[in-house]
Amino acid sequence: HERMSEVVRYINSHYMEELTLDLLAEAFYVSPYYLSRFFKEATGFTFVEYVNSVRIKEAKKLLEQSSTKVNVIARKVGFGSVTHFGRVFKLVTGHPPLYFRKGS
């Protein structure tokens, strides 16, 4: 599971970039199938679930600590579309993004 720890560290520090199973598999010299299977085994999350949770945790922090617009935060944490960000955010936290805006 040492390799999966490296993958997790990579995701944690590159979450704002485009991250796909194929890109990471290539970077770590493994097949996407292998990465997907052992990532889930090591972390308890699928690759996408983990990437999304890291991105949403960061977005939540930005929403609570800044007045940056939601669409800017969505891009900053690695989401291509604000609509997709909103959907994933609500799925992960149970609330829409603005729920976490300080003072709302």
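For the structure, see preceding data.
Since the structure is predicted, the reported quantities are computational estimates derived from the model, not experimental observations.

The rules behind each value
- Residues numbered from 1 in each chain as written.
- Predicted model: local features only at pLDDT ≥ 70, side-chain atom pairs only at ≥ 80, totals over all residues.
- Heavy atoms only, no water.
- Helix = DSSP H or I, 4+ residues; strand = E, 2+ residues; numbered from the N terminus.
- Expected span 1.5 Å × (residues − 1).
- Buried < 20%, exposed > 50% of the residue type's maximum accessible area, 1.4 Å probe, protein only.
- Arc of directions from axis to C-beta.
- Contact = heavy atoms within 4.5 Å.
- Polar contact = N/O pair within 3.5 Å; in protein donor to acceptor, adjacent residues only side chain to side chain.
- Axes fitted to C-alpha atoms, helices over the stretch in contact; angles between N-to-C directions.
- Parallel < 35°, antiparallel > 145°, perpendicular 65-115°, else oblique.
- Phe/Tyr/Trp six-rings, centres within 6.5 Å; stacked < 30°, edge-to-face > 60°.
- Salt bridge = Lys/Arg side-chain N within 4 Å of Asp/Glu carboxyl O.

1. A closer look at helix H6 (residues 82-93)
Logical step 1: Its twelve residues give H6 an end-to-end C-alpha distance of 16 Å, which sits within 8% of 16 Å, the value for a rise of 1.5 Å per residue.
Logical step 2: Where H6 is concerned, the buried positions are Phe85, Val88 and Phe89. End-on view of H6: buried residues confined to an arc of 105°, all on one side of the axis. Within H6, the exposed residues directed more than 90 degrees away from the buried face are Arg87 and Leu91.
Logical step 3: Structurally, H6 contributes buried residues whose contacts are with helix H4 (47-65) and helix H5 (70-76).
Logical step 4: One side-chain oxygen at the N-terminal end of H6 lies 3.3 Å from the backbone nitrogen of Thr83; it belongs to Ser81.
Logical step 5: Of the residues flanking the end of H6, it is Gly94, one or two places downstream, whose phi is positive at about 85°.

2. A closer look at helix H3 (residues 32-43)
Logical step 1: Taking 1.5 Å per residue, twelve residues should reach 16 Å; H3 reaches 16 Å between its end C-alpha atoms and fits that length.
Logical step 2: One or two steps after H3, the chain reaches Gly44, where phi turns positive at roughly 85°.

3. As for the packing of helix H1 (residues 2-14) against H3
Logical step 1: Put simply, H1 and H3 touch, their axes get as near as 10 Å, and they point 90° apart. Considered as vectors, H1 and H3 are oriented roughly perpendicular to each other. From H1, Met4, Val7, Val8 and Ile11 reach across to H3, where they touch Tyr34, Leu35, Phe38, Phe39, Ala42 and Thr43.

4. Quick word on the environment of Ser53
Logical step 1: The topology assignment puts Ser53 in helix H4.
Logical step 2: Taking the relative accessible area as the measure of exposure, Ser53 reaches 25% and is therefore partly exposed.
Logical step 3: In this structure the C-alpha to C-alpha distance between Ser53 and Tyr15, which are 38 residues apart in sequence, comes to 9.9 Å.

5. Concerning the packing of aromatic side chains
Logical step 1: Summed over the entire model, instances satisfying the criterion amount to nine aromatic pairs.
Logical step 2: With a centroid separation of 5.6 Å and 65° between ring planes, the pair formed by Phe39 and Tyr50 is classed as edge-to-face. Of this pair, Phe39 sits in helix H3 while Tyr50 sits in helix H4, and the two are eleven residues apart along the sequence. For the pair Phe39 and Tyr50, a shared accessibility class is recorded, and that class is buried.

6. Some remarks on the pattern of salt bridges
Logical step 1: Evaluation of the coordinates by the stated rule reveals two salt bridges.
Logical step 2: The partner of Arg9 in a salt bridge is Glu2, and the shortest N-O contact between them spans 3.6 Å.
Logical step 3: The salt bridge involving Glu58 is made with Lys61; its shortest N-O contact spans 3.3 Å. Pair noted here: Glu58 and Lys61 are both in helix H4, with a separation of three residues, about one helical turn.
Logical step 4: Its relative accessible area of 35% is what places Lys61 among the partly exposed residues.

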